[in-house]
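So you can see what is in the structure, the chains are spelled out below.
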Amino acid sequence: MEQVEVMDFSLCPKFEKGFQILGKKWNGLIIDVLLEGGPQRFVDIAAMIPDVSDRVLTERLKELEAEGIVGRVIACGSQKRMDYCLTNKGEALKNVMNEIHQWGDTWITDEECS
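Residues numbered from 1 in each chain as written. Predicted model: local features only at pLDDT ≥ 70, side-chain atom pairs only at ≥ 80, totals over all residues. Heavy atoms only, no water.

- Under an unreviewed UniProt entry, the chain has the name Helix-turn-helix transcriptional regulator and belongs to Candidatus Enterococcus murrayae.

This is the structure we're talking about:
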């Protein structure tokens, strides 16, 4: 009788954690907005993602900040204001996000988005 090799498909904890962060509703869009537009005020992020409530956006920004992906900076100018920005850890997601965009453009139809 031939012996069959059993594969271990358990997830690597780091892989699983990464998908938990990126897979949480709104997180990918928040990261994408900050990658595309750089540091932004809360109201600007909210305007770019109109379907998210202010309460949920606040929660997600706090979670992403706790994960070290998003930070807050005081922007100096005519008025001091608080901006959200990506940390180095968040900026490192640029290639991942570009690949997800490319995959979606290739494999997801307009009808599937409706």
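## Describing the pattern of salt bridges
- All told, the structure shown has eight salt bridges when counted by the stated rule.
- The salt bridge involving Arg60 is made with Glu59; its shortest N-O contact spans 3.6 Å.
- Residue Arg60 is classed as buried on the basis of its relative accessible area, which comes to 12%.
- For Glu59, a relative accessible area of 31% puts it in the partly exposed group.
- With a shortest N-O distance of 3.2 Å, Arg72 and Glu65 are connected by a salt bridge.
- In this structure Glu65 comes out as partly exposed when scored by relative accessible area, which is 28%.
- The network of salt bridges with common partners includes Lys24, Arg55, Glu59, Arg60 and Glu63. (Salt bridge = Lys/Arg side-chain N within 4 Å of Asp/Glu carboxyl O. Buried < 20%, exposed > 50% of the residue type's maximum accessible area, 1.4 Å probe, protein only.)

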